[in-house]
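A closer look at the structure
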Amino acid sequence: MVGYHPDFKIPNNPWGKDLWAGGSSSGSGVATAAGLCFGSLGTDTGGSIRFPSMANGIVGLKPSYGRVSRHGVLPLAESLDHVGPMTRCVTDAAIMLEAIAGEDPNDPTSLSEPVPDMLKDIDKGVTGLRIGFDREYALNGVDPGLASAIESAIEVLEGLGAEIVEVKVPDLTEVIKTWNLLCAAEAAKAHQANFPSRSEEYGAYFREFLEIGNQVNPSEIADIRQIRESFSTAFRAMLSEVDAMLSPAAGSPFAIPEGLQYKSLTHWNEVLSEILEASATKHPVFFTFPHNYAGTPALVVPCGFSDKGLPYTMQLSGGFLEEAMLCRIGHAYEKATDWNLQHPPV
């Protein structure tokens, strides 16, 4: 989850030790950004491929739900969990996804659809493709430098021949309200053999999260699933109108107080709210939660740097099972820029 267990060290963001490394999957993000590997795996329940990809300035690909088997992965929330690659370039992410995707008899939620040749059309460019853009959703309440980088990315793709199309992201109010309850309830179910019987062995954050999950009743879950279904239908319909939608990935890198990530859920949320309020920035989950609810793919790609030398990233969102299209667009953008070639000084 978000908080770390006190028995484990927190990975150091290679762009700065005082910076958030991305929470879950942060070890994968740090290792990839620092050049310790060509690629790694992340697990994304509410953004944990995309958060560390944003924080460490790398490529991250959250696939469609069921595209990659979850067998062997410790579950957080079975209806929200995704497994995907984290790399230094889009081509590597495409290669890794093709290698790990496909039906698995050990995971009944894995999809039977054939895995496409992820490199077949990756060099086709973006001429004639429709890129959706919701200006208010993408730019309102984000770091001004990141907003400028997103605007520049739109100009690059338009210059490469893409058509920029206005879209409207469905209202996210209920998504933001309900994701935590659904995730907590599913996590509590996954950990019922050990929690609360061995609660003292859990980290402070996750212990509090599971306590919340155990208090969610079946009628609440039924209501949440209706909200999820309604939103997912609207979100997928919006994405079906375009080849991809562009937005920030999950905000921009930020500093956090030392030791905060060992604290409780309540303490973390209070401090994070202060950080976001001080910078007039909306919560990064606005850009991540929708894809976990709808099970749709999303690709994170570096798109610039702040005046402090910290990486900016954008997110390409696509229709269900459209990972190859996202990689095609992301690869075209990479070839026209050099952001992904600029690595931290380690």
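Summarised in this report is the structure supplied together with it.

The rules behind these values
- Residues numbered from 1 in each chain as written.
- Predicted model: local features only at pLDDT ≥ 70, side-chain atom pairs only at ≥ 80, totals over all residues.
- Heavy atoms only, no water.
- 1 Å grid on protein atoms, 1.4 Å probe; cavity = no way out; pocket = protein on both sides within 12 Å on 5 of 7 lines; lining within 4 Å.
- Points joined across faces, edges and corners; volume = space filled by probe spheres on them.
- Helix = DSSP H or I, 4+ residues; strand = E, 2+ residues; numbered from the N terminus.
- Nonpolar A, V, L, I, M, F, W, Y, C, P; charged D, E, K, R; others polar.
- Pairing = 2+ DSSP bridges.
- Buried < 20%, exposed > 50% of the residue type's maximum accessible area, 1.4 Å probe, protein only.
- Contact = heavy atoms within 4.5 Å.
- Salt bridge = Lys/Arg side-chain N within 4 Å of Asp/Glu carboxyl O.
- Axes fitted to C-alpha atoms, helices over the stretch in contact; angles between N-to-C directions.
- Parallel < 35°, antiparallel > 145°, perpendicular 65-115°, else oblique.

**Side note on the layout of surface pockets**
Its boundaries defined by the atoms lining it, the largest pocket holds a volume of some 1,200 Å³. Lining of the largest pocket is provided by 47 residues; of these, Met1, Val2, Gly3, Ser24 and Leu76 occupy positions nearest its centre. Elements with a contribution of two residues or more to the lining of the largest pocket: strand E1 (39-44), helix H6 (173-190), helix H7 (204-213), helix H9 (265-278) and helix H10 (285-294). There is about 410 Å³ of room inside the second largest pocket. Forming the boundary of the second largest pocket are 21 residues, of which Asp143, Ser252, Pro253, Phe254 and Ser279 lie nearest the centre. For the lining of the second largest pocket, the residue count by class is 12 nonpolar, 5 polar and 4 charged.

**What about the pairing of strand E4 (residues 130-133)?**
With 4 bridges joining them, E4 and strand E5 (residues 163-166) adopt parallel strand pairing. The partner of arginine 130 across the bridge, within E5, is glutamate 163. With 2 bridges connecting them, E4 and strand E6 (residues 244-248) associate as parallel partners. By the bridge assignment for E6, glycine 132 is matched with methionine 245.

**Here's the deal with unusual backbone geometry**
A cis amide bond, omega 15 degrees, links phenylalanine 195 with the succeeding residue proline 196. Assignment of secondary structure puts proline 196 in the loop between H6 and H7. A positive phi angle is found at leucine 321, which is not glycine, with a value near 65 degrees. Tracing the backbone through its elements, the reader meets leucine 321 in the loop between strand E8 (311-317) and helix H11 (323-336).

**Observations concerning the environment of proline 170**
Structurally, proline 170 is set in the loop between E5 and H6. The class of proline 170 is buried, set by a relative accessible area of 17%. Considered as a pair, proline 170 and tyrosine 262 are 92 residues apart in the sequence and their alpha carbons are 35 Å apart. With residues near it in sequence (within four places) discarded, proline 170 still touches Phe231, Ala234, Phe235 and Met238.

**Some details on the pattern of salt bridges**
Applying the stated rule across the entire model yields 10 salt bridges. Ionic pairing is found between arginine 67 and glutamate 323, a salt bridge with its closest N-O pair at 3.3 Å. With a gap of 256 residues between them, arginine 67 in the loop between strand E2 (59-62) and strand E3 (82-87) and glutamate 323 in helix H11 connect regions that are remote in the sequence. The shortest N-O distance in the salt bridge between lysine 168 and glutamate 136 comes to 3.6 Å. A residue pair is termed long-range when its members are at least 10 positions apart, and lysine 168 in the loop between E5 and H6 and glutamate 136 in helix H4 (residues 135-139) qualify at 32 residues.

**Let's talk about the packing of H6 against H7**
Relative orientation of the contacting elements H6 and H7 amounts to 95 degrees, with a least axis distance of 7 Å. With respect to each other, H6 and H7 are oriented roughly perpendicular. Contact with H6, carried on its side by Asn180, Leu181, Cys183, Ala184, Ala185, Ala187 and Ala188, involves Phe206, Phe209, Leu210, Ile212 and Gly213 of H7 and no other residues of that element. A class-by-class count of the residues in the contact of H6 with H7 yields 10 nonpolar, 2 polar and no charged.

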